[in-house]
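Residue-level structure breakdown
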Amino acid sequence: MTQAQFVGSIALIRRWFGEKERWLARWDERAQVLDFVHAERLEGESYRESIDREVAWTLDLQRKRDYIVSSAPRLHFQAPLEIPGQCTPVFFVVQFFVVDLYGQQAARTIDADDRNQWCRPAELKAGQSADGRAIAPGLHALLARTEAIPSHGE
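Here we summarise the structure given alongside this text.

**With respect to the layout of surface pockets**
Size it by volume and the largest pocket reaches roughly 710 Å³. What lines the largest pocket is a set of 28 residues, among which Asp28, Arg30, Asp35, His38 and Ala136 lie closest to the centre. Elements with a contribution of two residues or more to the lining of the largest pocket: β1 (5-17), β2 (20-28), β3 (33-35), β4 (38-40), α1 (47-59), β7 (90-101) and α4 (137-146). Top contributing element to the lining of the largest pocket by residue count: α4, with four residues. Tallied by class, the residues present in the lining of the largest pocket amount to 17 nonpolar, five polar and six charged. Taken as a whole, the second largest pocket encloses approximately 210 Å³ of empty space. In terms of lining, the second largest pocket is formed by Pro121, Leu124, Lys125, His140, Leu143, Ala144, Glu147, Ile149, Pro150 and Ser151. Of all elements in the fold, only α3 (121-126) and α4 reach the threshold of two or more residues within the lining of the second largest pocket. A breakdown of the residues in the lining of the second largest pocket according to their chemical character gives six nonpolar, two polar and two charged.

**A closer look at helix α2 (residues 103-112)**
All of the buried residues in α2 are Ala106, Ala107 and Ile110. The buried side chains of α2 occupy one side of the element, clustering within an arc of 95° when seen end-on. Set apart from the buried face of α2 by more than 90 degrees, the exposed residues are Gln104 and Ala112. Against the buried residues of α2 lie β1, β2, α1, β7 and β8 (116-119).

**Notes on the pattern of salt bridges**
Taken as a whole, this structure holds nine salt bridges when the rule is applied. The shortest N-O distance in the salt bridge between Asp52 and Arg63 comes to 3.8 Å. Of this pair, Asp52 sits in helix α1 while Arg63 is found in the loop between α1 and β5 (67-69), placing the two residues eleven residues apart along the sequence. A relative accessible area of 16% places Asp52 in the buried class. The closest approach of N and O atoms between Arg133 and Asp131, which form a salt bridge, is 3.3 Å. Among the ionic contacts, a cluster of salt bridges with common partners joins Arg26, Asp113 and Arg115.

**Observations concerning the side chain of Gln117**
Relative to the helices and strands, Gln117 is located in strand β8. Once you skip the residues sitting within four places of it in the chain, Gln117 turns out to touch Trp23, Leu24, Ala25, Leu34, Ser129, Asp131 and Arg133.

**Looking at the nonpolar core**
One finds Phe36, Phe92 and Phe96 to be the most contacted residues of the largest nonpolar core, which totals 29 residues. Contributing elements (two or more residues each) for this core: β1, β2, β3, β6 (75-81), β7 and α4. The contact partners of Phe96, leaving out residues within four places of it in the chain, are Ile10, Leu12, Pro73, Arg74, Leu75, Leu142, Leu143, Thr146 and Ala148.

**What to know about the pairing of β7**
The buried count for β7 comes to nine of twelve residues, which makes it a mostly enclosed element. Bridge count for β5 against β7 is three bridges, and the pairing is antiparallel. For Tyr67, the partnering residue across the bridge sits in β7 and is Leu101. Two strands pair when backbone bridges link them, and β6 and β7 are joined in this way by seven bridges, in the antiparallel orientation.

Thresholds, definitions, all that
- Residues numbered from 1 in each chain as written.
- Predicted model: local features only at pLDDT ≥ 70, side-chain atom pairs only at ≥ 80, totals over all residues.
- Heavy atoms only, no water.
- 1 Å grid on protein atoms, 1.4 Å probe; cavity = no way out; pocket = protein on both sides within 12 Å on 5 of 7 lines; lining within 4 Å.
- Points joined across faces, edges and corners; volume = space filled by probe spheres on them.
- Helix = DSSP H or I, 4+ residues; strand = E, 2+ residues; numbered from the N terminus.
- Nonpolar A, V, L, I, M, F, W, Y, C, P; charged D, E, K, R; others polar.
- Buried < 20%, exposed > 50% of the residue type's maximum accessible area, 1.4 Å probe, protein only.
- Arc of directions from axis to C-beta.
- Contact = heavy atoms within 4.5 Å.
- Salt bridge = Lys/Arg side-chain N within 4 Å of Asp/Glu carboxyl O.
- Core = buried A, V, L, I, M, F, W, Y, C linked by side-chain atoms within 4.5 Å.
- Pairing = 2+ DSSP bridges.

Okay, here's the thing in structure tokens:
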């Protein structure tokens with residue numbers, strides 16, 4: 001049996017509401033979970049290029065006008081992880097990139113799409129949003145293992 005794997009990037013899209021940071025998750029209708037924007041790396045494509053492509057396409061934002069992807073990943077993770085619901089561990093080779101939004105137009109575009117939700121670090125850590133929707137099991141496992149999202153005591 002071939003081991004499941006993911007080779008790609010995950011977007012860490014942050015926004016501040018007052019003094020509280022929130023992280024953008026998106027409702028996956030098929031899987032019925034909240035997940036971060038992520039992209040499998042295509043042949044000949046860098047990890048950064050893959051997440052840049054996916055953020056633009058998934059969130060309907062324009063590169064260089066609405067957002068910028070950090071030039072270096074926040075972290076690189078490479079290891080197998082046990083994921084609830086999976087028969088075998090999933091081998092991840094993933095880089096997390098911070099994505100900063102520019103201006104009010106990007107925020108309006110994201111807020112106008114009801115599939116998008118701003119989550120508190122505590123919700124991501126718990127694996128469930130405040131409204132009871134599950135965080136994707138793979139994302140939850142990755143965040144728990146890597147601490148890519150600091151909890152700041154929330």
